[in-house]
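Below are the chains, spelled out letter by letter.
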Amino acid sequence: MNPIRVLIVDDHPVVRDGLRGVLTAEADLAVVGEAGNGAEALARLAAFDEPVDVVLMDLRMPVMGGVEAIRQLRRNGAGPRVLVLTTFDTDRDVLPAIEAGATGYLLKDTPREELLRAVRAAHRGEAVLSPAVAGRLMGQVRRPAEEALSARELEVLQLVAGGATNREAARRLFISEATIKTHLLHIYAKLDVRDRASAVSAAYRRGLLTP
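Let us look at the structure shown here.

Parameters and conventions
Residues numbered from 1 in each chain as written. Predicted model: local features only at pLDDT ≥ 70, side-chain atom pairs only at ≥ 80, totals over all residues. Heavy atoms only, no water. Helix = DSSP H or I, 4+ residues; strand = E, 2+ residues; numbered from the N terminus. Buried < 20%, exposed > 50% of the residue type's maximum accessible area, 1.4 Å probe, protein only. Contact = heavy atoms within 4.5 Å. Areas by Shrake-Rupley, 256 points an atom, 1.4 Å probe, with all protein chains shown as cover. Lys, Arg positive; Asp, Glu negative; His and termini not counted. Charge placed at Lys NZ, Arg CZ, Asp CG, Glu CD. Salt bridge = Lys/Arg side-chain N within 4 Å of Asp/Glu carboxyl O. Core = buried A, V, L, I, M, F, W, Y, C linked by side-chain atoms within 4.5 Å. Axes fitted to C-alpha atoms, helices over the stretch in contact; angles between N-to-C directions. Parallel < 35°, antiparallel > 145°, perpendicular 65-115°, else oblique. Left-handed = near helix turned anticlockwise from the far one by under 90°. Nonpolar A, V, L, I, M, F, W, Y, C, P; charged D, E, K, R; others polar. Pairing = 2+ DSSP bridges. Right-handed = clockwise from strand over helix to strand, strands pointing away.

A look at the overall build of the protein chain
- Scanning the protein chain from N- to C-terminus turns up 10 helices and six strands.
- Sorting the 211 residues of the protein chain into buried and exposed places 42% on the buried side.
- Long-range contacts, defined here as pairs at least 24 residues apart, represent 63% of the contacts in the protein chain between residues at least 6 apart.
- Working note: accessible area of the protein chain is about 11500 Å², and carbon and sulfur atoms make up 53% of it.
- Across the protein chain, the 28 positively charged side chains and the 28 negatively charged ones have centroids separated by 5 Å.

So this is what it looks like as structure tokens:
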């Protein structure tokens, strides 16, 4: 039986070295390459003669982060299973990675044996989540239904996404600048964000806006 082919993607060489040591000690696992960021990972994957089975992907990396790399992998076809391995377990890290198509999500303090089991499970297509990440996802499921944006709030958000200032948005919608600010405060509350950029990002992620 051929070993599971693994690509390690992390911007820290010491982390990559440690993971390589853990994985190559197993007869059924083979590390076929490494990459320091998402863009490099995509290039490596395209260059392999044989397909990679599992990608161990960090999230916050220079040039291209893990979430964007996962999105591009899924956009290009089925591709390998992606198992996120990171130090971050906040909602803004977990949810985008899962929505992008990650098969699993582990934290870097995961014990060695659990990591090995997760790589094998990811190869089989099974979802693998660390307890902390699973708890966050359950919390999302249990939240009350999100309050919908009004038609006017969506209009304001679309203008903001297009780069309009409050004054420009007010002029185009024939309302006062103070009313625009009020709409934005309501938008922030409904999307659970604190600023314009985060509101636009959350709206795209939830499908309220389209590129």
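Here we look at the pattern of salt bridges
- The final tally for this structure, using the stated rule, is 15 salt bridges.
- Close ionic contact of Arg 167 with Glu 177 constitutes a salt bridge, the shortest N to O distance being 3.9 Å. Placement of the pair is Arg 167 in helix H8 (residues 166-173) and Glu 177 in helix H9 (residues 177-191), with a sequence separation of 10 residues.
- Assessed through its relative accessible area of 59%, Arg 167 is described here as exposed.
- A cluster of three or more residues bridged by salt bridges with shared partners is formed by Glu 26, Asp 28, Arg 112, Glu 113 and Arg 120.

Considering the nonpolar core
- Core analysis: the largest hydrophobic core is formed by 27 residues, its most contacted members being Leu 7, Val 9, Val 55, Met 57, Ile 70, Val 84 and Tyr 105.
- If you list the elements that add at least two residues to this core, you get strand S1 (4-9), helix H2 (38-47), strand S3 (54-57), helix H3 (66-75), strand S4 (81-86), helix H4 (91-100), strand S5 (104-107) and helix H6 (131-142).
- If sequence neighbours within four positions are ignored, Leu 7 has contacts with Gly 33, Glu 34, Ala 41, Leu 45, Phe 48, Val 52, Val 54, Val 55 and Leu 56.
- Grouped together as the second largest cluster of nonpolar side chains are 20 residues, Val 156, Leu 157, Ala 169 and Val 200 included.

Regarding the environment of Arg 196
- Tracing the sequence through the fold places Arg 196 in helix H10 (residues 196-205).
- Overall, the relative accessible area of 27% leaves Arg 196 in the partly exposed class.
- Taking C-alpha positions, Arg 196 is 9.7 Å from Leu 185, a pair spaced 11 residues apart along the chain.
- If near-sequence neighbours (up to four positions away) are discounted, Arg 196 is found in contact with Val 160, Ala 164, Thr 165, Asn 166, Leu 184 and Tyr 188.

Observations regarding the packing of H9 against H10
- Viewed as axis vectors pointing N to C, H9 and H10 meet at an angle of 55°, and their least axial separation amounts to 10 Å. On the basis of their axis angle, the class for H9 and H10 is oblique. With respect to the hand of their crossing, H9 and H10 are arranged in left-handed fashion. Along the contact surface, H9 presents Leu 184, Ile 187, Tyr 188 and Leu 191, while H10 presents Arg 196, Ala 199, Ala 202 and Ala 203.
- Taken together, the residues that form the contact of H9 with H10 break down as seven nonpolar, no polar and one charged.

Describing the pairing of S4
- Of all six residues in S4, five are buried, a share of seventy percent or more.
- Bridge count for S3 against S4 is four bridges, and the pairing is parallel. Pairing of Val 54 across the sheet is with Arg 81, part of S4.
- As judged from the four bridges shared by S4 and S5, these two strands associate in the parallel manner. For Leu 85, the partnering residue across the bridge sits in S5 and is Leu 106.
- Note on the crossover from S4 through H4 to S5: the handedness is right-handed.

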